[in-house]
Amino acid sequence: MDTEIKEHKRRVRYKGTHPRSYQEKYKELQPEKYGDTVERVIKKGGTPAGMHLSICVREILDFLQIQPGQVGLDATLGYGGHSAAMLECLQGSGHLYSLDVDPIEMKKTRERLEKKGYGPQLLMIRQLNFAQVDQLLPESGPFDFAMADLGVSSMQIDNPERGFTYKFDGPLDLRMNPEKGVPAWQRLREMSQPEIEGMLVENADEPYAREISRAVSAENRKGQGIQTTLQLRAVIDRALRKLPAGERQEAVKKSCARTFQALRIDVNREFEVLEEFLEKLPGVLKSGGRVAILTFHSGEDRLVKKAFQRMYREGVYREISREVIRPTPEECARNSRARSTKMRWAIKS
């Protein structure tokens, strides 16, 4: 009998001391085996590939005041850091419901938390957009506490196959759930120049929205459109070519970040689902129930702030945060992605 001999493939290893590609960072991608490497990356202010460092954990727990036996909600599971911290406060009594729309990362997080001993008796994970949070009520009942982290998880940003970053080449996708909706490259081809310009202004306050939208539309007219992340970066670079040489590089970098943010918000309908979540939120909280929300850019923060203020005036909430709570300087030094974070909270009447 003939037997097939499979070619042995060596594991991708670091090239030098500072690997750049996602695949080469095999040590960071296996924190359970290479904890020392992961800790070195964190101490230098970086986020290890494939990981997410939860932000404002202490501030959230201090506000939520979780007690054993309570029922809570993590509306944005992600890497599971906030869920794990809240489960620890429950001390084996009570229940936590955690939601996520990303089937890829949700599966990994479920396995990670199960290894820590958080099975279905304490933790129920559902693939559900938090805009449909009211669908949990028949099973969960109203919640004693809830939180939502509106940031994109580092695991999504770091993986070039997801298309969330302009720093590495990959498909221009940007969907939180790659099984639903249309990818960003298709969305760009469907939009007119004024629509692209409006999206950049509304979702990211992009100062060069007109120049970028014209450059994107010109690329679309060539027939193929913009298929990859680096193609979009190149289009933005060309759109800003008339800027003075001394400021062009930094301007392109910032415009790339804002453009990808605007596209991600549009593709995932982030503002619409956030507004729906904020409207339904009081209906899923018990009287005296507490909620904390983390935002990462001005558009999100405005929606949360205005919703809390309006519902406070209407008597829905008995108390809301008057000022935003920010991560400590120590946390920002340890995790650079925490710098733009704002936390707001509310207590239901």
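Structure's up top.
So, how was this worked out
- Residues numbered from 1 in each chain as written.
- Predicted model: local features only at pLDDT ≥ 70, side-chain atom pairs only at ≥ 80, totals over all residues.
- Heavy atoms only, no water.
- Helix = DSSP H or I, 4+ residues; strand = E, 2+ residues; numbered from the N terminus.
- Buried < 20%, exposed > 50% of the residue type's maximum accessible area, 1.4 Å probe, protein only.
- Contact = heavy atoms within 4.5 Å.
- Areas by Shrake-Rupley, 256 points an atom, 1.4 Å probe, with all protein chains shown as cover.
- Pairing = 2+ DSSP bridges.
- Right-handed = clockwise from strand over helix to strand, strands pointing away.
- Axes fitted to C-alpha atoms, helices over the stretch in contact; angles between N-to-C directions.
- Core = buried A, V, L, I, M, F, W, Y, C linked by side-chain atoms within 4.5 Å.
- Expected span 1.5 Å × (residues − 1).
- Arc of directions from axis to C-beta.
- Salt bridge = Lys/Arg side-chain N within 4 Å of Asp/Glu carboxyl O.

**Points about the overall build of the chain**
Here comes step 1: When its secondary structure is counted, the chain shows 14 helices and 7 strands.
Here comes step 2: Considering the chain as a whole, with its 349 residues, one finds that 52% of them fall into the buried category.
Here comes step 3: For the chain, the proportion of contacts with a sequence separation of at least 24, taken over those separated by at least 6, is 68%.
Here comes step 4: Entry remark: accessible area of the chain is about 17,900 Å², with carbon and sulfur atoms responsible for 48%.

**Some thoughts on the pairing of strand S2 (residues 95-100)**
Two faces make up the sheet, and in a regular strand the side chains alternate between them.
Here comes step 1: Across the 6 residues that make up S2, a large majority, 6, are buried.
Here comes step 2: Neither face of S2 is open: one carries His95, Tyr97 and Leu99, the other Leu96, Ser98 and Asp100, and all of them are buried.
Here comes step 3: Pairing between strand S1 (residues 71-74) and S2: 4 bridges, direction parallel. Paired with Gly72 across the two strands is Leu96, which belongs to S2.
Here comes step 4: Between the parallel pair S1 and S2, the chain is carried across by helix H3 (residues 81-90), and the sense of this crossover is right-handed.

**Observations concerning the sheet that holds S2**
Here comes step 1: Strand order in this open sheet of 7 strands is S3-S2-S1-S4-S5-S7-S6, and the pairing throughout is mixed. Each having just a single partner strand, strand S3 (123-127) and strand S6 (317-320) make up the two edges of the open sheet. Averaged over all adjacent pairs, the angle separating strand axes in this sheet is 15°, with direction ignored.
Here comes step 2: Across the sheet, helix H4 (residues 103-115) touches S2 and S3, and the angle it forms with S3 is around 170°.

**As for unusual backbone geometry**
Here comes step 1: Phi at Gln91 takes a positive value of approximately 55°, unusual for a residue other than glycine.
Here comes step 2: The exposure class assigned to Gln91 is exposed, which follows from its relative accessible area of 63%.
Here comes step 3: Although it is not a glycine, Asp205 adopts a positive phi angle of roughly 50°.
Here comes step 4: Position of Asp205 relative to the elements: it lies in the loop between helix H8 (193-204) and helix H9 (209-221).

**Things to note about the nonpolar core**
Here comes step 1: By size, the foremost hydrophobic cluster in this structure holds 33 residues, and its most contacted members are Leu73, Phe277, Leu281, Ile293 and Phe308.
Here comes step 2: Mapped onto this core, the elements with two or more residues apiece are S1, S2, strand S4 (143-149), helix H12 (270-280), strand S5 (285-295), helix H13 (298-313) and S6.
Here comes step 3: When residues no more than four places from it in sequence are discounted, the contact partners of Ile293 are Ala148, Leu150, Phe277, Leu278, Leu281, Val304, Phe308, Lys342, Met343 and Arg344.
Here comes step 4: Formed by 31 residues, the second largest nonpolar core is a distinct cluster that contains Val152, Ala184, Ala204 and Leu232.

**Examining H4**
One full turn of an α-helix is made of 3.6 residues, so residues set three or four places apart face in the same direction.
Here comes step 1: For H4, with 13 residues, the first-to-last C-alpha span of 19 Å sits near the 18 Å given by 1.5 Å per residue.
Here comes step 2: Here H4 has its buried residues at Pro103, Glu105, Met106, Thr109 and Leu113. One side of H4 holds all its buried residues, which, seen down the axis, span an arc of 155°. Residues Lys107 and Lys115 are exposed on H4 and point more than 90 degrees away from its buried face.

**Notes on the pattern of salt bridges**
Here comes step 1: Taken as a whole and judged by the stated rule, the model has 20 salt bridges.
Here comes step 2: Measuring nitrogen to oxygen at the nearest pair gives 3.1 Å for the salt bridge that ties Glu219 to Arg238. In this pair, Glu219 sits in helix H9 while Arg238 sits in helix H10 (residues 229-239), placing the two residues 19 residues apart along the sequence.
Here comes step 3: Between Asp301 and Lys342 there is a salt bridge, with the nearest N and O atoms lying 3.8 Å from each other. One end of the pair, Asp301, is in helix H13; the other, Lys342, is in strand S7 (residues 342-348), with 41 residues separating them in the sequence.
Here comes step 4: On the basis of relative accessibility, which here comes to 22%, the residue Lys342 falls in the partly exposed class.
Here comes step 5: Within the structure, one salt-bridge network assembled from shared partners comprises Asp134, Glu276 and Lys280.

**Here's the deal with the side chain of Asn177**
Here comes step 1: Assignment of secondary structure puts Asn177 in the loop between helix H6 (154-158) and helix H7 (184-190).
Here comes step 2: Residue classification places Asn177 among the buried positions, given a relative accessible area of 10%.

**With respect to the side chain of Ser98**
Here comes step 1: The residue Ser98 is located in strand S2 in this model.
Here comes step 2: Relative accessible area serves as the criterion here: at 0%, Ser98 is assigned to the buried category.
Here comes step 3: Residue contacts for Ser98: discarding those within four places in its chain leaves Asp74, Leu77, Ser83, Leu123, Met124, Ile125 and Arg126.

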